[in-house]
Amino acid sequence: MSPNAPETAAQRLADIKTRMDRAAGRLEGGARANLVAVSKTFDASAIAPVIEAGQRHFGENRVQEAQGKWPALKSAYRDIVLHLIGPLQTNKAGDAVGLFDVIESVDRDKLARVLSGEMEKQNRHLPCFVQVNIGGEEQKAGVAVSETVAFVARCRDQYGLDIVGLMCIPPVEDAPGPYFAQLARLATEAGVSQLSMGMSSDFETAILMGATQVRVGSALFGAR
Ligand SMILES: *Cc1c(COP(=O)(O)O)cnc(C)c1O
């Protein structure tokens, strides 16, 4: 969808919510997934109408970009929940802990240790997700599938992080369903309850596979 599509932000948001509900309706119990609106590359003037339409959870993949637009938006709208969904360098961990409310990209021991120290220092104990490299792709961030259960345990026991779930981005060239199902099995093994999976092209599939949270960018904000 182009950013110049005739629909308003509120209409696009409502359309995504309807599609999410329809997907959830096909599940026993019909639990509703949380929508994270991915606003990367879009500025405050594009984000504000989505907030005005009622959306509260937002995702950004770069700390520096988020620092340029979110402090003002967060002071204007006090109940925003900002998710970091991109790779985090340890030298940006302090900034990330200061600005974000959820960290979804914990994927190595050094980062877990540094994040833990920053959370202690700033007294901000944020919920975190462990990112899993579910397709075993060389270029992608995330802990290996075979390492996930042990890494979640270390994050909790050794570093004291509040790991609430797993996050993944499946390989673009494959059907995502089997990867989502595998992430769900891993979460059960690791003893975490939340699953952050599904983007604009596959969030309905993710919900069918048990996503508790989907991360939707272009379907909401337009093409980047
Ligand atoms: C950009 C991004 C999304 C959203 O992607 P869309 O295809 O635009 O919905 C979701 N998750 C992560 C980690 C991203 O970087």
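The written sequence of each chain sets the order in which its residues are numbered from 1. In keeping with the model being predicted, local features are shown solely for residues with a pLDDT of at least 70 and side-chain atom pairs are shown and tallied solely at 80 or more, while totals for entire chains, interfaces and linings include all residues. To get the side-chain values, take all heavy atoms of the structure and skip hydrogens and water.

A.B. asks: Help me get a handle on the packing of aromatic side chains, residues and values and all.
C.D. replies: Stacked, tilted and edge-to-face are the three classes applied to pairs of Phe, Tyr and Trp rings, where Trp contributes its six-membered ring and a pair requires centres within 6.5 Å; stacked means planes under 30 degrees apart, edge-to-face means over 60, and tilted covers the rest. Per the counting criterion, the structure on display carries two aromatic pairs. Plain terms: the ring middles of Phe 42 and Phe 221 are 5.3 Å apart, the flat faces sit at 25 degrees to each other, and that makes the pair stacked. In this pair, Phe 42 is assigned in the loop between strand E1 (34-38) and helix H2 (44-52) and Phe 221 in helix H9 (residues 218-221), connecting sequence segments 179 residues apart. Their ring planes at 45 degrees and their centres at 5.1 Å tell us that Phe 58 and Trp 70 sit as a pair that is tilted. Here Trp 70 lies in helix H3 (residues 63-76) and Phe 58 lies in strand E2 (residues 57-60), a separation of twelve residues in the sequence. We call a residue buried when its accessible area falls under 20% of the maximum for its residue type, exposed when it is over 50%, and partly exposed in between, using a 1.4 Å probe and counting protein chains only. A residue is classified by how much of its surface remains accessible, and Trp 70, at 0% relative accessible area, is buried. Numbering of helices and strands starts at the N terminus; helices are DSSP runs of H or I of at least 4 residues and strands are runs of E of at least 2.

A.B. asks: So what's going on with the nonpolar core? Which residues, and what values?
C.D. replies: Here the nonpolar core consists of buried residues drawn from Ala, Val, Leu, Ile, Met, Phe, Trp, Tyr and Cys, with membership extended through side-chain atoms lying within 4.5 Å. Ranked by internal contacts, the top residues of the largest apolar core, which has 67 residues, are Phe 58, Trp 70, Ile 103 and Leu 115. If one sorts the elements of this core by residue count, helix H7 (residues 177-190) sits on top with seven residues. Ile 85, Phe 129, Val 164 and Met 167 belong to the second-largest nonpolar core, a separate cluster that totals six residues.

A.B. asks: Give a description of the site of the ligand that names residues and reports values.
C.D. replies: Working definition: residue near molecule or strand if any one of its non-hydrogen atoms lies within 4 Å of it. Taken together, Val 38, Lys 40, Ile 85, Ile 169, Met 199, Ser 200, Arg 215, Val 216, Gly 217, Ser 218 and Arg 224 make up the full set of residues near the ligand. Here a polar contact is recorded for every N or O atom pair within 3.5 Å, except that within protein the pair must consist of a potential hydrogen donor and a potential acceptor, and residues adjacent in sequence are included only if both atoms are side-chain atoms. At 2.5 Å, a side-chain N or O of Ser 200 approaches an oxygen atom of the ligand. In this structure, Arg 224 approaches the ligand through a side-chain N or O atom, which is 2.7 Å from an oxygen atom. Protein chains shield 90% of the accessible area of the ligand, which is 390 Å² for the free molecule. Put simply, Ala, Val, Leu, Ile, Met, Phe, Trp, Tyr, Cys and Pro go in the nonpolar bin, Asp, Glu, Lys and Arg in the charged bin, and everything else, Gly too, in the polar bin. When the residues that make up the shell around the ligand are grouped by side-chain class, the tally is five nonpolar, three polar and three charged. The protein chains shown are the only cover counted for residues, whose accessible areas, like all others here, come from Shrake-Rupley with a 1.4 Å probe.

A.B. asks: Mind laying out the pattern of salt bridges, listing which residues take part and the relevant values?
C.D. replies: Salt bridges, as used here, are contacts in which a Lys or Arg side-chain nitrogen is within 4 Å of a carboxyl oxygen on Asp or Glu. Applying the stated criterion across every chain yields a total of ten salt bridges. With a closest N to O distance of 3.4 Å, Asp 101 and Arg 124 form a salt bridge. On the criterion of sequence distance, the pair formed by Asp 101 in the loop between helix H4 (93-99) and strand E4 (102-106) and Arg 124 in the loop between helix H5 (109-122) and strand E5 (127-132) is long-range, its members being 23 residues apart. Residue Asp 101 is classed as buried on the basis of its relative accessible area, which comes to 18%. For Arg 124, a relative accessible area of 25% gives the class partly exposed. We note a salt bridge from Asp 109 to Arg 154, for which the minimum N-O separation is 2.7 Å. Of this pair, Asp 109 sits in helix H5 while Arg 154 is found in helix H6 (residues 148-157), placing the two residues 45 residues apart along the sequence. Relative accessible area serves as the criterion here: at 23%, Asp 109 is assigned to the partly exposed category. Each of Glu 60, Glu 65 and Lys 69 takes part in salt bridges that share partners, so that together they form one network.

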